[in-house]
Structure formats: C-alpha cells, structure tokens
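An overview of the molecular structure
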Amino acid sequence: MISNRFLSGASLLTLALFMVPGVAAAQDAAVAMATADTQVSEIDEIVVFGRGQTRQQASVNADAIAIEAPGSSPLKAIERLPGVSFQSADAFGAYEWSARITLRSFNQNQLGFTLDGVPLGDMSYGNHNGLHISRAIISENVARVDVAQGSGALGTASSSNLGGTVQFISRAPTTDFGVDVSGAFGSDDTLRGFVRLDSGALGSAGTRLSVSYADQSADKWKGVGEQKQQQINASFLQPLGAGELRGFINHSERRENDYQDMSLGMIDRLGRDWDNISGDYALAVRVADIYQANPAGDCTTNAYPSPIACVDDAYYDAAGLRDDTIGAVTLDYPITDMLRVSLTGYGHTNKGQGLWWTPYVPTPVGAKGQDGATIASPGPIAVRTTEYDIDRKGAIGSVTLDLAAHSIEAGFWVEDNDFNQARRYYGLSRSGDGGRDSLEFQENPFFTEWEYSYNTKTTNLYLQDTWSITEALTVNAGFKSLKVENEASTVVGANKTGSIKAEDNFLPQVGVSYDLNADHQLFASYAENMRAFESSNTGGPFSASAAGFSALKNTLEPESSRTIEAGWRFRFDGGLQGSVAAYDVEFENRLLTVALGAPILGLGNGIQNVGAVKSRGFEAAALWNFASDWSAFGSYSYNDSTYQDDVRDGAGVLVAATAGKRTVATPENLFRAELSYDNGAVFGTLAAAYTGERFSSYLNDEKADAYTTVELTAGYRFDGMGGWLDGTQVQVNVVNLMDEDYISTVGSGGFQNSAGRQTFLPGAPRQVFASIRRRF
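Read on for an overview of the structure. For every chain, the first residue of the written sequence is number 1, and numbering continues from 1 along that sequence. Totals for whole chains, interfaces and linings use every residue, but because this is a predicted model, local features are given only for residues with pLDDT of at least 70 and side-chain atom pairs only at 80 or more, for both listing and counting. Hydrogens and water are ignored here; the side-chain numbers use all heavy atoms of the structure.

1. A short note on the overall build of the protein chain
Here a strand is any run of E in DSSP of at least two residues, a helix any run of H or I of at least four, and the numbering for each starts at the N terminus. Tallying secondary structure elements over the protein chain gives nine helices and 38 strands in all. With the radius of gyration taken over C-alpha atoms, the globule rule is written as 2.2 Å times the number of residues to the power 0.38. In summary, the protein chain has a C-alpha radius of gyration of 26 Å against a globular reference of 28 Å for 776 residues, a match within 12%. By principal-axis analysis of the C-alpha atoms, the protein chain measures approximately 75 × 70 × 50 Å. Here the term buried applies to any residue with accessible area under 20% of the maximum for its type, exposed to any over 50%, and partly exposed to those in between, with areas from a 1.4 Å probe on protein chains only. The buried share of the protein chain, reckoned over its 776 residues, is 58%. Note on areas: Shrake-Rupley with a 1.4 Å probe; residue coverage comes only from the protein chains shown. With the model as given, the accessible surface of the protein chain reaches about 28500 Å², and the carbon-plus-sulfur share is 57%. Averaging the positions of the 58 positive and the 91 negative side-chain charges in the protein chain gives two centres separated by 3 Å. Only four residue types enter the tally: Lys and Arg on the positive side, Asp and Glu on the negative side, with His and both chain ends excluded. By convention, charge coordinates are those of NZ in Lys, CZ in Arg, CG in Asp, or CD in Glu.

2. Here we look at the environment of G539
By secondary structure assignment, the location of G539 is in the loop between β21 (520–530) and α9 (546–552). G539 sits in the buried class, given a relative accessible area of 8%. Each C-alpha atom of the pair G539 and I607 lies 8.8 Å from the other, and the pair is 68 residues apart in sequence.

3. Observations regarding the sheet that holds strand β2 (residues 57–61)
Spatially, six strands are ordered β1-β2-β7-β8-β5-β6 in an open sheet, and the strand pairing comes out mixed. The strands lining the two open edges of the sheet, one partner per strand, are β1 (47–49) and β6 (118–119). Strand pairing is defined by DSSP finding a minimum of two bridges between the two strands. Relative to strand β7 (residues 142–148), β2 runs antiparallel, the two sharing five bridges. Paired with A58 across the two strands is V147, which belongs to β7.

4. Here we look at the packing of aromatic side chains
Here is the rule: rings of Phe, Tyr and Trp (six-membered ring for Trp) pair when centre to centre is within 6.5 Å. Planes less than 30 degrees apart are stacked, more than 60 are edge-to-face, and the remainder are tilted. Applying the stated criterion across every chain yields a total of 29 aromatic pairs. Note on W568 and F570: the rings are 4.8 Å apart at their centroids and 45 degrees apart in plane angle, and the pair reads as tilted. Since its relative accessible area comes to 11%, F570 is described here as buried. Put simply, the rings of Y388, F419, W450, Y452, Y454, F542 and F549 pair up and form one aromatic cluster. Over the aromatic face of Y583 sits the side chain of R104, whose NZ or CZ is 4.0 Å from the ring centroid. Here, a charge over a ring is recorded when the distance from Lys NZ or Arg CZ to the ring centre is within 6 Å and its angle to the ring normal is within 35 degrees.

5. As for the state of the cysteines
Note on terminology: a disulfide is the covalent bond linking the sulfur atoms of two cysteines. By definition, disulfides here are pairs of cysteine sulfur atoms that lie within 2.5 Å. Within the structure shown, the criterion is met by one disulfide. Between C299 and C310 runs a disulfide, and the two sulfur atoms are separated by 2.0 Å. On the S-S bond that ties C299 to C310, the torsion sits near 140 degrees, and the link is right-handed. One end of the pair, C299, is in the loop between α8 (281–293) and β14 (318–334); the other, C310, is in the loop between α8 and β14, and 11 residues separate them in sequence. Take C299: its relative accessible area is 39%, and that puts it in the partly exposed class.

6. A look at the environment of E140
For E140, the location among the structural elements is in the loop between α6 (133–136) and β7. Note on E140: relative accessible area 21%, which makes it partly exposed. Considering only alpha carbons, one finds E140 and P445, 305 residues apart in sequence, at a separation of 39 Å. Any pair of residues with heavy atoms lying within 4.5 Å of one another is described as a contacting pair. Other than its neighbours up to four places away in sequence, E140 contacts G71, R171, S182, R192 and F194. Any pair of nitrogen or oxygen atoms within 3.5 Å is treated as a polar contact; in protein, a donor-acceptor pairing is required on top of that, and neighbouring residues in sequence qualify only through side-chain atoms on both sides. A polar side-chain atom of E140 sits 3.2 Å from a polar atom in the side chain of S139. A distance of 2.5 Å separates the side chain of E140 from the side chain of R192, its partner in a polar contact.

7. Brief notes about the pairing of strand β22 (residues 560–572)
Relative to β22, β21 is paired through 11 bridges, and the arrangement is antiparallel. Bridge assignment links A524 to a residue of β22, and that residue is A566. Alignment of β22 against strand β23 (residues 576–588), held across 13 bridges, turns out to be antiparallel. Across the sheet, the residue bridging to S561 is F587, located in β23. The antiparallel pairing of β22 with β23 creates a hairpin that spans three residues between the two strands, and G574 there sits at a positive phi of about 100 degrees.

8. Regarding the pairing of β7
Here β7 lies mainly inside the structure; six of its seven residues are buried. Across six bridges, β7 lies against strand β8 (residues 165–170) in antiparallel orientation. The residue bridging A148 from the neighbouring strand is T165, located in β8.

9. With respect to the nonpolar core
Of all hydrophobic cores here, the largest spans 90 residues; its most connected members are I78 and L120. The greatest single-element share of this core, amounting to eight residues, is contributed by α8. In this view, I78 contacts V60, V84, I101, V145, V147 and V166; residues no more than four positions away in its chain are not counted. As used in this record, nonpolar core signifies buried Ala, Val, Leu, Ile, Met, Phe, Trp, Tyr and Cys residues forming a set joined through side-chain atoms within 4.5 Å. Core analysis: the second largest hydrophobic core is formed by 22 residues, V484, M530, F549 and L591 among them.

As structure tokens, then:
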C-alpha cells in the first residue's frame, strides 16, 4: 500500500512555492517546434520531426506510448526514433537493473533526462542525483517525449548530457471534467489498474486539478519473484492572465525481484531460462556451504549439485526497492509583450535498497532477524545491501526578450543535492530466511562495511540569441557555464573525505536552419558539452580506493564532447515526411572505471582518463500516410564509434590495446519498420526492430549477436454505438511475437577488457497482454 511517506512528501510542493524556471517556456517552445509550419494532420502523428530546430530532434506523443503494452516505460516508445537503442530484460522496458538506452554511442549515464524541465539525473541504476522515468511519472500521464540525439538545448537542466537529451512532458489537467479508467492483464499474472480524475476548469478562476493512481504487479517471466509498483500523481494549473502557475507532485513505491546476470558461457550451458534459485532456500544454503568449505576450489570442485558448476551460477535472491517523491511548481508569465519570465522550484526525496543474498558472507552468531530477535541458527548466507538516500532541491529560471528579429534568452539552473550511500549486511538463519522478505526494506544489520555522505552543488548559467535573419534563415548561438562541486564525507570505512570539481565556463552552441520552401528545411549545429563527476562509492572518482582518490582528485579531467551534425527535414505530397542527418562526434577524457573483481563482490574500482572516442554516423526516418487509414514508419541508423587510444596505467604500461576497437554496447546498425492501420474503430500496428551486434568487452573479443524482434498491437474503439460500451477501447499487445531467443541487455554487470563477465540479460519471450480503457 502507498505509505504515509506520500503525505509527508507534500511538503515538497509547499517548499517549492517560493521558487520558480524555464519549464513552461521549454514546453511552449517544444510545442511550437512540433507544430510550426506543419500541416494540421501532422499533430495527430505519433512521431513528429523537429521542424524549426537547429539540431537533430524528434518527438513521440502519448499515442506512441499507448501503442505499447500498458505500463510500458516511455523509453520503450522512443526506440522507434533514429539513433536510439533501448534494451530491457522485461516486456515493459521498466525493469530498472536491465533498462539501458544509448543515443548514438553515448550510454545512459552520459545523457540528460528531464520531466517538465525538472532534472532526473542520468537515470542510471542506483542514481545519485535523480530517478528513473518509470518512477517519476505514471506512463499514462506522459503527453510527449522529445529526443535530441546530439545535444540538448542550453537551458536543459542536466550535468551529464554529453550525447543528447530526453525530455518528458506531462499531460496537463484538462479544461473539462473527466475520469480515465483502464485495466490490463496478461502473461505471468500481470495485472495493472489506472484511474485519473480531471476536475476541469473550476469557477471563474479557471483552476484545473488532476489526480491519478496506478497499481501494477507481475511475476518474473522466469524464476521466482515479482515486480510491482504503486504510484500517485497530482497536478494543478492556474491561469494568471496571459501567464500561468502550475505544479505537480508524484510519488512512487517500486519493488522488483532481479533476474540473474549471466555470462555467454552460462547462457550456452544453462539456457536463457536459467535464473536465481529463489524458490529453493535449502539449495542456496547447500551451495553456500560448498563454496565456503573450499573457496579456492570454486568451479573446479565438481561438488555442486547439477547443473550448478560455480557459486556465481545462481544466487538465492536479489531485489531493488525504491520510494520516491518529486514535486515542482512553475510560474510562466509575460511581463510585457516583449519580455517573458519563467521560474521553477523543485524537490525530490528518495529511499532505496539494492539487495543480494550473498553466499560469500555467512551470518555471524548474534546477528538479528528482521523482527530484531537474535537468530538462533545462523546460516551461511547474508543479505548484502547497497542503500541510497537522496534529498535534493533546485531552481531553474529564464528570461526571454523578443526584439524584432532577435529572441534573447538568459537562464540559470542551481541544485543542492545530499546523497547518502551505504553497504550493509543483514542476518539469515540456516533453516529459513530470518523473517526477511526480499520486497521489504531490511532492518537490523549486523555489519556496515562503508557509508559515505555526499553533497553536490550544481550551477549552470546560459545565454543565447535566436536570430531570424530572414523568414527562411534562422541562426541560434549561445553558451553555457557549468560548475559542479562534489564533496564527500566518510561515515564508516576508508577515509575518502574530500572534494572534486568539474567546471567549464564556456561551452558554446551554434546552429542554423534554412527553409528551402514550406516543405523542405536544412539544419546544422555545433555543440560542446561536459559531464560532471559522479558522487558515489560505486561509480566515478569516489569509487577508487582512499589512496587512489587522493592521487587522482587533482588531476582527473571531466568527460567532454564536441558534436557536429547536419541534416534535412522534408515533406512531400502524398503524405511522406521525415528527416535525414549525419554527425561527427569527438568524445574526450573518457573515464574508465576498472572493477577489481566481479561486480557482485563490491571490491571497488580504479578510475582514470583513457583518451578519446570518435563517432560518426547517419540517421534517417520517414512516416508515410500512403492510403486512407494506412501509414508506414521506418528508421535506420548507422554508427561507427571507436576508441582512439590504448589504455595504459600510471607508469605507461599497456593495460589494454583498445585503439581502433568499437565501443561497447553500441550497435553499428539499427533498423525499425512499422505498418499501422486505423479507421477510427479498428486499429493495429505491426512493428519489427533489428539491433546489430554489440560488443561486451573493450578488446572486442566477446559480443551479443544481432537480433530482430516483432511486436503486434491490435484494438477496437466502441465509439458512437450508444450504451455502456460507447467510448470504450480494448487492445491486445503481443510482445516478441516470433519468440526470438536473444540477449537484450549488455553491460548489466559492467564491462571489462576481455570476455567472461556476467553482464548479459536475455530478453523476455513472447508475452500477451490485454487492456481495456475508457474516459467518462
């Protein structure tokens, strides 16, 4: 059930009332971008190309999300866009440990993500400065997703957007009263319910309110376990003359059992359906006993019960628990016809635990169970957690001055983020599990291995001018100044108290768009970006040893990128529209985190700058309304990304000959084709997506094979029929229609120089879901 923490989270909304930024302006600009100089019918398309933008950009709307199985992550909807590679081990794309998005050659923690302009951090698992979109908002409440594949706008509130931005825009409260209700069920006991109430415009003030609730649960598609989530979203919009005040507060409680990370050898030996042994605690105890009796003989003792050959083949259980509350208030107001101000204040709190039933650490005598009672018969297993607490507050602001042909904008983003991270162990009994539930927050640890508190202060200032030289020619130029200061304090463990700073006072962007005519537009842009350091003991400079951090903190350089891109947006008679683009990216000061052991062991990392990456590519996408009620969509992406330098240690000794090798987890080719039919009543989409091979080692001696998946959506709308069915819509989704046996996620356990790492997650098999929805 939703806890009382949701009620306390309402204080975030009150806290934000004194603040105010460019969320509204960003939304208005994005809407104008999507609709400027386009045919009215284009607004109804699920993909909108970024006409008027001086950079490569495209958007998908709520209809694109609705095509997916109910409860699917909005990230799954944008995988149809060129340059976007998305993988997840579940059918919904919402299982966070496995969810990975890559834009061109940049991975998820090198991208920027926002919700209504509010920063979501880098959306990585164990995020130190934000949260995943699947927790930030209910998917049915997302109105649009804007993707800038090369570089985001200067005002984007992100300190990690080296290679692009993904901006989520929520549904505003409607002007009319209404209730949306939907339900879904399907494979693996999936159940989902969603309800949304819109107040409509209230009284002469025109106040509009909205509140939503969603509850979803599903069994894992293999093994034993459950993945479930409850969410509440609330929002308001208050017209203020020509301006408006609006805000939201969203709460999420997510509980998900993990799948077993696998190596290619394990997949060949055990099959894709192999998983954690969560249904057999006695077997888990036996495996732990065997390992602890002869750790040096692991994988060679032949003492494990078949088909287990090593202690890492299967763990008893693992899980991720996250509670989040995020809220914001935005004022968007035109002071005069020429001057507009936008201000936003926001806050976000998070509590999380990542759990693993480790056979490497036995429960000691005297350890306590979940209820606080001493465990009478300690077992050879313990629960190891990585624990997270986030409390961040920030403000974003912009001022726009329109002077005839010039639109000058200046703005800022500031954030103060307190992040606490700890590694703890909790006791288990030999005969049972010590009263511990993998989907509950653990209590009464017997040992804290380490605990660190981090404070991250971010300041971003920007200035830009959009110059309409002629009706056809527009030039946009500006720069931002980004400074991020990271400070660590040691609570328990090796002393890593200290600070590190990433700063660049001049990160320029310049772009141009030229209308050849009303249907054809050329664009080009140049941008420089910097990624701030991570404040975490499990990634970034603070993950090094105490001695290592002391040595590197004054010499480590933040990652940076330089992006050049150019393209053509087109529209032809006959319903064909689309875009093509080419790009050249140089990524410098690449930070390489080198694990000192298997990631599950938590032995720490070393980190260093290891040179550059060059990425060149081509992207194309087109939407064709070729007949009444019929449309086709296709996108193709080619990416050539290679490391430019070998990896050497501090003494210059060769560690890995990576120069010329392709970047990990980056497919060279991506292709997607969709055929859709919609006559107003009957609708359906058949989509096929090809993902090229992806390397999993820096030396390119191991890779996941290319694969193609097919998805089918079909439905019917009962409109104009009268009776209780009128306005009802039913839909069926078949995910992985051809039951493709493939590897979805590459890099779940990180990357290393050579083959053999447990870092793969197989994709879900064919699954079927049915849903029904209606607005009253």
